[in-house]
Every structure is written in C-alpha cells, then in structure tokens.
Amino acid sequence: MGRSGAGKTSMRSLIFANFTASDTRRLGATIDVEHSTVQFMGNLSLNIWDCGGQHKYLDNYLNEQKENIFGNVEVLIFVFDLETNDRDSEYTLYDDCLQSLAQLSRDAKVYCLVHKIDKITDPEQKRNVVDSYESAILQRSGVFQPHVYGTSIWDHTLYKAWSQIVFTLVPNMATIQGNLERFCELTDAAEVVLFERATFLVVCRAMGSGPDPHPDRYMAVSQSIKQYRDACADQGTPFRSTHIRTRSYTLFIEPFTKSTYILVITADPDVEPAVTKANIEAARSHFT
Ligand code: GTP
C-alpha cells in the first residue's frame, strides 16, 4: 500500500518477476488491485495484493472495499515515497490504513519502507532520514509495532528488506536456522546460505569464523544466478548446479530441497569438493 508512484509495482517486479531496476521506468500506474500468487518455500502460497495508489482507488479501499482489502491480512507493507511533496497526505493514508487494519486484522505485521533512498547520497543523512520517519511512524502506529527500512531498487536494501519480510511468514524458521548452523559447523564451512528457489531471496544463513560478508553480496549472487538460470532455460538446458574453485575458496550452489538452493563456501584447501558435495547430499533429508 502507498501513494501512486511510490514504487510498489517496481519492487514487486524486481523481487518476483526478474525485472531490472531500469525496466521499472516503463511501468504504468496500477489499475485498482493487482493480485499475484507466488508458490513459495514449496507449499506456501504468497498472495500479493498490489494496490494502485491513485486517489480514486484509495477512497474505494478505505470504504466500499475495506473488508476485502484489510480482512485476513498477514503483512501490510506500506511504501513511503521519499520524493513526495505531500508527506502529510502520505501519513494520513497510513493512519487510515492502520485504522482499518486494527479493526479487521489486528494480528497483522506491519512493515514500512522509506523508499527511493538512493535519492540521498550521504550515508549519514540517509540514516537520519530513516530515523526521523521511524520515530514519526512508531508514534502513530497504535497497537502495531512496525519495522522500518530505507529501501531502493538500485541497491541491496530492497532485497534485504524483502528477505526479512517474507521469511517472517515461514513457520519453522527457527528449526531451519538451527539445522543450517549445525551443518556449517560439522562441515567446517566458511559460510552456508539457503536461497528460496523461485525468488532467490535469502532464507537463512550461517557463518563459520570468517569476517561478515559485504551486504551487497547476496543480492549480487541472487541476480547472477537468476540471469544464469534464465540463460540456461533459453538454451533448453535446465540450471542444475555451479561449482567454482579458486586458490582461497571453493563455492558450490546446488539445488537442495524442493524449495531451496544451498550455497556452501569452504576456505580450507584440504577439503575436497567431492566431500562437500557428499555432505550436502547427506544433509538434504534434515531439511525436508
Ligand atoms: P501506482 O501503480 O500508481 O500505485 O504506483 P507504484 O507505487 O506502483 O509506482 P511504480 O512502481 O510504478 O514506480 C513509479 C516510478 O518510481 C517508476 O518510474 C520507477 O522506476 C520509480 N522507482 C521505483 N522505485 C524506485 C527507487 O527505489 N528509486 C528511484 N529513484 N526510483 C524508483
């Protein structure tokens, strides 16, 4: 939900439909509500309602269609447009949406994206702007405790925020995380990451003793793999797995469970790739 032009369809197209950031320039305004369903983590269906933000639709959502739009909501993602010249009306819309949500879906989670943060270049100023939105949002959110992120389609921030949003919906995440950490420890891996198969969003990750990776890295891996997978599909050869060995590390990306790919990085030159592959094979049954 958010005002027209805030960037809702752009973000949906990037995460769920393989658009690039520049492809979004040719998107038109969303007419009423666009529904899409993504088969997710095997048996979960993620139903996304992209609500067009033009005035004529907003009135309708908050009145005649209120029960349809705000009933049974698991997650409300409200997109604030950093470029707006009418911040008050954005906050008014936010207040109206939260009021309807409080009546019809009191247990929903709320995420607020302060979007187009790329318009500010100075990192400190970025932080200050997001902080000031956050305190204004928290003050007006009543029973809800929204998470607030600064996002942009031009860098990793959007990918990171969506990974966090979507995976609050996965019911057995604590078990998956525990299993992954154990796998990382037992195999002496430097890093292990699970990616969701359809979107290549990060499901969860476990680190060995090395330094924390750069935050852009997972988005870069995800985009490269999606492009490579599309290129394989164009050639009629389904993408299976990738294995890269350099002097300092070995990297595997393999289909893992029905709904995930696994990335395993080992930094110990004595660990033979065949051993890592066998370990991945052996671990599979613990994740299904
Ligand atoms: P409605 O469908 O009318 O509700 O609009 P919307 O919220 O779906 O907006 P849309 O996704 O169509 O994006 C509007 C414009 O904003 C497009 O030209 C996008 O390229 C641009 N845009 C989206 N996200 C970003 C961003 O993170 N940074 C910048 N600079 N531009 C963005």
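Given the structure is predicted, the values throughout are model-derived calculations rather than measurements.

> What should I look at first to understand the site of the ligand in this one?
Surrounding the ligand, one finds 21 residues, the nearest of these being Ser4, Lys8, Ser10, Thr30 and Gly53. Take Ser4: an N or O atom from its side chain is 2.7 Å from an oxygen atom of the ligand. Counting residues per element, the shell around the ligand draws most heavily on helix α1 (residues 8–16), at three residues. Among the residues forming the shell around the ligand, the class breakdown is four nonpolar, eleven polar and six charged.

> Can you walk me through the domain arrangement of the chain in this structure?
Size of an interface: often given as the accessible area lost when the parts come together. Structurally, the chain comprises domain 1 (8–167) and domain 2 (173–287). Relative placement of domain 1 and domain 2: their C-alpha centres are 30 Å apart. Summed over both partners, the interface of domain 1 with domain 2 buries about 1400 Å², with 66% contributed by carbon and sulfur atoms. If you sort the residues of domain 1 by the area they bury against domain 2, Met41, Tyr159 and Phe167 come out on top, with a joint share of 45%. The interface formed by domain 1 and domain 2 holds zero salt bridges in total. Viewed at the interface, domain 2 and domain 1 are joined by three residue pairs in polar contact (both at pLDDT 80 or more). Every element with two or more residues in the side of domain 1 that touches domain 2 is listed here: α1, β1 (33–40) and α6 (156–167). Looking at the side of domain 1 that touches domain 2, the element that brings in the most residues is α6, giving six residues. Partitioned by chemical class, the residues of the side of domain 1 that touches domain 2 number nine nonpolar, five polar and one charged.

> How should the sheet that holds strand β8 (residues 242–245) be read in this particular structure?
Picture the strands of a sheet paired through backbone hydrogen bonds; they go either parallel or antiparallel. One open sheet accounts for five strands, arranged β7-β6-β10-β9-β8; its pairing is antiparallel. Both outer strands of the open sheet, β7 (202–207) and β8, are each paired with one neighbouring strand and no more. This sheet shows a mean twist of 10° between the axes of neighbouring strands, independent of strand direction. Relative to strand β6 (residues 191–196), helix α8 (residues 217–234) is tilted by about 55°, and along the sheet it contacts β6, β7, β8, β9 (250–255) and β10 (260–266).

> What am I meant to see in the sheet that holds strand β5 (residues 147–151) here?
A sheet is described by the order of its strands in space; here three strands give the open sequence β3-β4-β5, paired in parallel fashion. Looking at which strands have only one partner, the edges of the open sheet turn out to be β3 (75–81) and β5. When the angles between neighbouring strand axes are averaged without regard to direction, this sheet yields 25°. Bridge analysis of β3 against strand β4 (residues 109–115) gives seven bridges, and the strand direction is parallel. Considered in β4, the bridge of Ile77 is made with Tyr111.

Conventions used here
- Residues numbered from 1 in each chain as written.
- Predicted model: local features only at pLDDT ≥ 70, side-chain atom pairs only at ≥ 80, totals over all residues.
- Heavy atoms only, no water.
- Near = heavy atom within 4 Å.
- Polar contact = N/O pair within 3.5 Å; in protein donor to acceptor, adjacent residues only side chain to side chain.
- Helix = DSSP H or I, 4+ residues; strand = E, 2+ residues; numbered from the N terminus.
- Nonpolar A, V, L, I, M, F, W, Y, C, P; charged D, E, K, R; others polar.
- Domains from an automatic or database assignment.
- Buried area = accessible area lost by both parts, 1.4 Å probe.
- Salt bridge = Lys/Arg side-chain N within 4 Å of Asp/Glu carboxyl O.
- Pairing = 2+ DSSP bridges.
- Axes fitted to C-alpha atoms, helices over the stretch in contact; angles between N-to-C directions.
- Contact = heavy atoms within 4.5 Å.

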